[in-house]
Amino acid sequence: MSSTFGALKSNAPYLFIMVGLIWAAIGVLTGAIFTGWPVAACIAAGVLVKFRPGKRLTWAWAVSTAVLGFIISLYQLYAWSPFLGGAFSSLAGEALAGFAVFALVHVFLGYVGSASLAPVKSETS
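Only a predicted model underlies this, so the values are computations on that prediction, with no experimental measurement involved. (Residues numbered from 1 in each chain as written. Predicted model: local features only at pLDDT ≥ 70, side-chain atom pairs only at ≥ 80, totals over all residues. Heavy atoms only, no water.)

Draft legend 1. Structural context of the side chain of Gln76. Here Gln76 shows up in helix 4 (residues 56–80). Residues within four places of Gln76 in sequence aside, it is in contact with Phe34 and Phe99. (Helix = DSSP H or I, 4+ residues; strand = E, 2+ residues; numbered from the N terminus. Contact = heavy atoms within 4.5 Å.)

Written as structure tokens, this is what we have:
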């Protein structure tokens, strides 16, 4: 299990970009304009993690991107929950399950962003 987790941590830039592309697909399918923020934030986090690991900006950007995606996933859970009892109950159930999993993915991204990318303190005398 730890080798799988280590492989995911080493591929963190690609995970951030992949999650950004999933947000883009969600935005295209739903027409929700607010999904543009997590798309841009996730792709920028992936680029920063790839090319500037260990920097303060990268660490802060990666963690805040994960929090942003988590909050928007929670909002989607809240927005879909009233449809559970109506005509759209099957669609709402699928959306709730998908966004619950997506919220957990963002928790994992937050862990990867905070654990492996923590800023390195410079040692000056």
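Draft legend 2. Focus on the environment of Ala40. For Ala40, the position within the fold is in helix 3 (residues 36–51). Distance in space between the C-alpha atoms of Ala40 and Ile17 is 9.4 Å, their sequence separation being 23 residues.

Draft legend 3. Summary view of the packing of helix 3 against helix 4. Close contact between helix 3 and helix 4 brings their axes to 9 Å; oriented N to C, the two are set at 150°. Our classification of the angle between helix 3 and helix 4 gives roughly antiparallel. As for how helix 3 packs across helix 4, the hand of that crossing is left-handed. Seen from helix 3, the contacting residues are Trp37, Pro38, Ala41, Cys42, Ala44, Ala45, Leu48 and Val49; seen from helix 4, they are Leu57, Thr58, Trp61, Ala62, Thr65, Leu68 and Ile72. Classifying every residue of the contact of helix 3 with helix 4 by side-chain character gives 13 nonpolar, 2 polar and no charged. (Axes fitted to C-alpha atoms, helices over the stretch in contact; angles between N-to-C directions. Parallel < 35°, antiparallel > 145°, perpendicular 65-115°, else oblique. Left-handed = near helix turned anticlockwise from the far one by under 90°. Nonpolar A, V, L, I, M, F, W, Y, C, P; charged D, E, K, R; others polar.)

Draft legend 4. A look at the packing of aromatic side chains. One pass over the full model with this rule turns up 6 aromatic pairs. Ring geometry for Phe34 against Tyr75: centres 5.9 Å apart, planes inclined by 85°, an arrangement best described as edge-to-face. With Phe34 in the loop between helix 2 (12–30) and helix 3 and Tyr75 in helix 4, the pair connects residues that are 41 residues apart, well separated along the chain. Given a relative accessible area of 45%, Tyr75 falls into the partly exposed group. Grouping aromatic residues by their ring pairs yields a cluster made of Trp23, Phe99 and Phe102. (Phe/Tyr/Trp six-rings, centres within 6.5 Å; stacked < 30°, edge-to-face > 60°. Buried < 20%, exposed > 50% of the residue type's maximum accessible area, 1.4 Å probe, protein only.)

Draft legend 5. Quick peek at the nonpolar core. With 19 residues, the main nonpolar core has Phe16, Val19, Trp23 and Leu109 as its most contacted residues. Tallying contributions element by element places helix 2 first for this core, with 6 residues. In this structure, Leu109 is in contact with Leu15, Phe16, Val19 and Ala66, ignoring residues within four places of it in sequence. (Core = buried A, V, L, I, M, F, W, Y, C linked by side-chain atoms within 4.5 Å.)

Draft legend 6. A look at the environment of Tyr78. Assignment of secondary structure puts Tyr78 in helix 4. Residue classification places Tyr78 among the exposed residues on the basis of a relative accessible area of 62%. For Tyr78 and Leu96, which are 18 residues apart along the polypeptide, the C-alpha to C-alpha distance reads 8.7 Å.

Draft legend 7. Geometry of the side chain of Thr35. Looking at the secondary structure, you find Thr35 in the loop between helix 2 and helix 3. Residue classification places Thr35 among the buried residues on the basis of a relative accessible area of 4%. Not counting the four nearest positions on each side in its chain, Thr35 is found in contact with Trp23, Ile26 and Gly27.

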